[in-house]
Amino acid sequence: ASLDSEWPRSLNISGYFLIRTLARGSSSFVFLARHQSTRRSVAIKVISRDHHRFNEERVQREISLLKSLQHEFICKLYDAIDAKDRLFLILEYVN
């Protein structure tokens, strides 16, 4: 299913309120969101597994690297949510 056709009504990420689209790539979107209980602003990268250029190995490598890196110029990865047809990367939002 296309992300375009699902935003914002049926794209539901438990615990987060989606505010607006920050960026769009060929197989992903990045949304500004707010964690419902902490009220912390985050960026959520939504990666579609249905896209013809999706590469599971590359995405898992990105997740692994983000988990291991701590640098002031690299956004922190707070969580990775694995859904059936997409991945949600919950990232530090830098304004």
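Quick note: structure is the one above.
Source: prediction; values computed, not measured.

1. Let's talk about the overall build of the protein
Link 1 in the chain: Regarding its fold elements, the protein presents 2 helices and 5 strands.
Link 2 in the chain: When the elements of the protein are put in sequence order from the N terminus, they spell out α-β-β-β-α-β-β.
Link 3 in the chain: Across the 95 residues in the protein, those meeting the buried criterion constitute 34%.
Link 4 in the chain: Taking as baseline every contact in the protein between residues at least 6 positions apart, the subset at least 24 positions apart corresponds to 43%.
Link 5 in the chain: On the protein, roughly 6,300 Å² of surface is accessible, and the fraction owed to carbon and sulfur atoms is 48%.

2. Details of the environment of histidine 51
Link 1 in the chain: Along the chain, histidine 51 falls in the loop between β3 (41-48) and α2 (56-68).
Link 2 in the chain: Taking the C-alpha atoms as reference points, histidine 51 and aspartate 85, separated by 34 residues in sequence, lie 9.7 Å from one another.
Link 3 in the chain: Not counting chain neighbours up to four residues away, the residues in contact with histidine 51 comprise Ser26 and Ser27.

3. Observations regarding the packing of aromatic side chains
Each aromatic ring pair is summarised here by two numbers: the centre-to-centre distance and the angle between the ring planes.
Link 1 in the chain: As enumerated under the stated definition, the model contains 1 aromatic pair in all.
Link 2 in the chain: Seen in terms of ring centroids, phenylalanine 29 and phenylalanine 31 are 5.7 Å apart; in terms of plane orientation they differ by 10 degrees. Their pairing is stacked. The residues phenylalanine 29 and phenylalanine 31 share a single accessibility class, namely buried.
Link 3 in the chain: For arginine 40, the ring lying beneath its charged end belongs to tyrosine 78, and the centroid distance is 3.9 Å.

4. Notes on the pairing of β3
Link 1 in the chain: The buried fraction of β3 is high, at 7 of 8 residues.
Link 2 in the chain: As defined by bridge partners, strand β2 (residues 28-35) adjoins β3 across 7 bridges and the pair is classed as antiparallel. Pairing of phenylalanine 31 across the sheet is with isoleucine 44, part of β3.
Link 3 in the chain: A loop of 5 residues connects β2 with β3, the two strands running antiparallel in sequence, and arginine 39 in this loop sits at a positive phi of about 65 degrees.

Quick notes on the rules
Residues numbered from 1 in each chain as written. Predicted model: local features only at pLDDT ≥ 70, side-chain atom pairs only at ≥ 80, totals over all residues. Heavy atoms only, no water. Helix = DSSP H or I, 4+ residues; strand = E, 2+ residues; numbered from the N terminus. Buried < 20%, exposed > 50% of the residue type's maximum accessible area, 1.4 Å probe, protein only. Contact = heavy atoms within 4.5 Å. Areas by Shrake-Rupley, 256 points an atom, 1.4 Å probe, with all protein chains shown as cover. Phe/Tyr/Trp six-rings, centres within 6.5 Å; stacked < 30°, edge-to-face > 60°. Lys NZ or Arg CZ within 6 Å of the ring centre and 35° of its normal. Pairing = 2+ DSSP bridges.

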